[in-house]
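# Geometric and topological summary
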Amino acid sequence: MHKHTPLLSFLAILCATCATRPDPAPTADPSPAAKPDATQPAPAPPRPRAPAQPVQWIWASPNASASEVVALQRTFDVPRPIARATLRGSADNRVRLFLNGELVTEHDEWRTGIEAEVGPYLRLGSNSLVLCAQNEGGPAAAWAELEVEDPSGRRVRVVSDGSWSAVRVDADVGFTSWEPHDFDEARSGPAHSFGPLGIAPWLDVQGFPPIAAPEVEEEPDEPPLAASALELLRGFEAELVYVVPKRAQGSWVTLCEDPQGRLYTSDQHGRLYRIVIPSGDSRAEPIVELVDIEIGSAHGLCWAFDSLYVVVSERDPGRVCGLYRVRDTNADDELDQTVLVREFDGNGEHGPHAVVLGPDGALWIMGGNHTALPEPIDSYRRPKTWGEDELLPTIPDPNGHAVGITAPGGWVVRTDEHGEKWELWTAGFRNAYDMAFDERGELFTFDSDMEWDVGAPWYRPTRILHCVSGAEFGWRTGSGNWPTDWPDTWPSTCDVGRGSPTGTIFGTGAKFPEKYRRALYACDWALGRIYAVHMTPRGASWSGEAEVFARGEPFPVTDAIVAQDGAMYIVTGGRGTQSGLYRITSKGPPDGSRAPAPQLSAEQEERRALEKLHVPRERTSDELALIAHGLASPDPFLGGAARVALEHTPQDQWGSVGSTCATPLPAARFIMASILAGSADPQITDATLEGLLLGAPVEVARIDVLRLVQLALLRVDVPLDARERLRMLLRWDDAAGDARIERELARMLAWFEQPGIVEKLLQRIDASTTQEDAIHYAYCLRTVETGWTPELRARFLDFLDGRARTFRGGESLEKFVGVIRREFVEAIPAEERDALGIRLEPARSTATKSSAVPAAAPAFVHRWTRAELDQLLHEWPAGRDAAAGRAAYDKATCATCHRTGDGGGATGPDLTGVSSRFGRADLLESMLEPSRTISDQYRDTELRTTEGDLYVGRIEAERNGLIVLRRTPGDERVEIDAASVEMRRPYPLSRMPSGLLDVLSEDEVLDLFAYLRATR
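Residues numbered from 1 in each chain as written. Predicted model: local features only at pLDDT ≥ 70, side-chain atom pairs only at ≥ 80, totals over all residues. Heavy atoms only, no water.

A separate point is the overall build of the protein chain. Scanning the protein chain from terminus to terminus reveals 21 helices and 45 strands. The long-range fraction of contacts in the protein chain, counting pairs at least 24 apart against all pairs at least 6 apart in sequence, stands at 69%. Summed over its atoms, the accessible surface of the protein chain is roughly 39400 Å², and 52% of this surface lies on carbon and sulfur atoms. (Helix = DSSP H or I, 4+ residues; strand = E, 2+ residues; numbered from the N terminus. Contact = heavy atoms within 4.5 Å. Areas by Shrake-Rupley, 256 points an atom, 1.4 Å probe, with all protein chains shown as cover.)

Mapping Thr265 onto the fold places it in strand β16 (residues 263-267). In this structure Thr265 comes out as buried when scored by relative accessible area, which is 0%. Within the local environment of Thr265, its side chain forms a polar contact with the backbone oxygen of Thr254, the two atoms lying 2.7 Å apart. When neighbours within four sequence positions are excluded, Thr265 is seen to be in contact with Trp252, Val253, Thr254, Leu255, Arg271, Leu272, Tyr273, Ile275 and Leu301. (Buried < 20%, exposed > 50% of the residue type's maximum accessible area, 1.4 Å probe, protein only. Polar contact = N/O pair within 3.5 Å; in protein donor to acceptor, adjacent residues only side chain to side chain.)

To continue, consider the sheet that holds strand β18 (residues 287-290). By definition, the strands of a sheet pair up through backbone hydrogen bonds, in either a parallel or an antiparallel sense. Reading across the sheet, the 4 strands line up as β15-β16-β17-β18 and stay open at both edges, with antiparallel pairing between neighbours. Looking along the sheet, the strands with just one partner apiece sit at the ends: β15 (252-257) and β18. Strand-to-strand twist of the sheet, defined as the mean angle between neighbouring strand axes without regard to direction, takes the value 25°. (Pairing = 2+ DSSP bridges. Axes fitted to C-alpha atoms, helices over the stretch in contact; angles between N-to-C directions.)

With that out of the way, let us pick up helix α16 (residues 813-826). Here α16 is 14 residues long and its end C-alpha atoms lie 20 Å apart, about the 20 Å a rise of 1.5 Å per residue gives. Inspection of α16 places Leu813, Phe816, Val817, Val819, Ile820, Arg821, Arg822, Phe824 and Val825 among the buried residues, and these make up the whole buried set. (Expected span 1.5 Å × (residues − 1).)

The next thing to look at is the environment of Gln771. Mapping Gln771 onto the fold places it in helix α14 (residues 771-781). Taking the C-alpha atoms as reference points, Gln771 and Gly809, 38 residues apart in sequence, are found 9.7 Å from one another. Each residue touching Gln771, except ones within four places of it in the same chain, is listed here: Gly455, Phe807, Arg808 and Leu813. Reaching out from Gln771, the side chain makes a polar contact with the backbone oxygen of Gly455 at a distance of 3.0 Å.

We now examine the nonpolar core. Within the largest apolar cluster, 74 residues are counted, with the highest numbers of intra-cluster contacts made by Leu761, Leu781, Phe796 and Phe799. Tallying contributions element by element places helix α10 (residues 702-715) first for this core, with 9 residues. In this view, Leu761 contacts Trp732, Ala746, Ala750, Tyr777, Cys780 and Leu781; residues no more than four positions away in its chain are not counted. (Core = buried A, V, L, I, M, F, W, Y, C linked by side-chain atoms within 4.5 Å.)

Now for the confidence of the model for the protein chain. Per-chain confidence: the protein chain averages 85 in pLDDT, with 88% of residues scoring 70 or above. Scored below 50 in pLDDT, residues 1-32 makes 63 contacts in the model with residues more than four places away or belonging to other chains. Considering only residues more than four positions removed or in separate chains, one finds that residues 842-855, a stretch of pLDDT under 50, has 19 contacts. (pLDDT = per-residue confidence, 0-100.)

A word on helix α8 (residues 664-676). If you check α8, its first and last C-alpha atoms are 18 Å apart, about what 13 residues at 1.5 Å a residue would give, namely 18 Å. Directly after α8, the chain includes Gly678, whose backbone phi takes a positive value near 75°.

What follows is the structure, encoded as structure tokens:
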């Protein structure tokens, strides 16, 4: 960057010693973010080869009846030509082995096993191995091992383990008559693993009463919540317009309207439907028609340019995710032409979402944080200079969510009618599902929280965000979420709290009272509610206040629109839940007035003028003056818009802007722009930072100054002597009791290895009054390498093994604390660990000792069928004992995988408030058919290595060329060389075992469901 001499008058005021500073070191630090005096790292050790999965004895459950027949299935890919394939296996007591539907062999002696060459039964691509096994009394289990080699000796190895799916076979079918085409995927669950070959628990397992054969039942649909049961604000009323037949039309997740007033919707994992609402007779049944085109599984629908635009979001069979244009080409009022406008790299609940028509005539599209930018992109309102920008090493989510996904996170792009030009508008969302324009053309969204982070210092609630041009909203993976008060992110309009955001609309056009016509409506799927957010001007943006407009139980609301008739239409559904179409109207006289939109304030108009400069081009003198004026504004939206405009400005024009930066605030923003644009001059940057740290001007928030120093350390080659001066200017006393300032100082002084920082951070941990503060200081302390004594190590370990274990929060909180402990302990020299008696967390073994006996399972009570449970639970149980319900919940081992409140496991969805989104029938379905619908957050991943080994589990971390997998079964943590992975895909089987309710009596089932409904 040019040395802008007009800045020097300001710098001289702030730092009189600048002119006599020593010259920079002749060679720059090779890494801008490297710690001072960092030594060269040792050569990387050889990549570990993850231990091969052992062959395991498996069955459908630990409780086998004397004559029980089960089917055990594993699908797998053969990627290369087959030279040899060997299948081994046996069962206690009989087994039939099938490959791709054909019987390969039978066997009835579990002690010896059988071996067969099976190459002719296999094919390139997808294959299926199935065991049909029968017990003849006592314990029951089966095992199999298949090795497939190609001509070069490369192999694929499939072994029996807990990743197989299992189902009990109807007694009327029997062992000898059952065929693989009878395998009922919907009723299957994960196989139960007793342990690897070599264990002998079978003689010790007690017999169980015979289990009734499963019945093939037609499961009834449960009506959605009655309109009369919806809680609405006074003055509004609701109608249940249509009950969606779930088995025929699926679970609906989106809405739009065409010019004729007809609605369109999509099943989350199915087809599109057109809905004709009869006019004039509210009692008439809507006409619902299947749209006869071969796309669906959409999260976004929009009618524009005489076309239906569809964002296909689920990579279901035959579906390619992307933006599609669907048209009627022969004027018969039927959509018949489908064109893929742009394919998207991402799918599922964090994939591509909404498409809306903007007031500028462009199509605007929202992408979740698991969706890559839809390159090629022609222009970037958000300058393409983003990075993780976190001073300390980030901890990936220990439960494996969003591991390896980096900035920019979720995004908004816009394109034209034909999808020819694409522009990135803003980014940094976690997973916003929808967006909406107000009457003035301002764009807003409802972004999601990461509920697993609750209780951690990096947790951020669900938020209403003003999606201005060029903004960065600071989502980063794992612990890397940016604090919301950093100056390089934009503040929220309104913080809402925990939830699961879905549809977002403004009330524009509704026949509602004016206050509610102006409101933003934000749908929350998890809590079963719709918020009305009322906007008040705040500087160049707005602040919002949220009130609950509608709520119900269950009311899993997915989308809403204001239709041409002035009513609000709402659809519920998602994740296979029962759908309903509702209409909400105002009880008062129709209010169809169209008062003009409120005028923008002068600051809001100035922000819009600056946003017009968010394109790279030469500036006029008036435009440069506008940028300079914005940089000096205390308003974050004006200052941010000006900074982004400067980043788009050609470098040779920066001087005229810099000449006006004679006060701290514009100078700080000017330096931030130069850092983010990659054009910062180290000398000017260093001088400005020293001046800001010394002067502590009140017009520049201390947080802003500290963040600016962090960005310089991350992105600029600041000489070592300058770094040392900056370090000496960071003082704990500057915090003046401000917890946020103390957090940032802790982050920075830990990075600097400030002398005495270990004792200081331990003091802060001891004095912290919130668990968030304590975790933050521990998070910083884990990275400090120097200044430790045995006493200080023992003190930190006492905290990690004591007080930290009492912290409560989201599903990942305990594991985050565990990672902090593990990284701290692993950094202690082995000899010191031994001397202090510090032990690493016990490693989970892939083997089980031969003397091991499976843990006793709850006694079998009754094989509950869907029909019996529907009859028993014809309505939500009431008046039951909460303590008994919790005991039944524990007995059925629900807490092993699920949370309620702040306790429980993390491998399945949080069941807190489950009745707000699941009806009784939907909850039953999820228990009895857990693999039918699996959320992205809880789906396992299947990996195949070049060695031919198959692994199934949650990816816990992926960095430095290693994949850390928490393997199924056994929850063993293994490291796999990423370069050795030749196939990676979502695994279709839920971890939830089948038959969990079979250990409960009738009263216990009633108590369990009452307990689940009461969780809040």
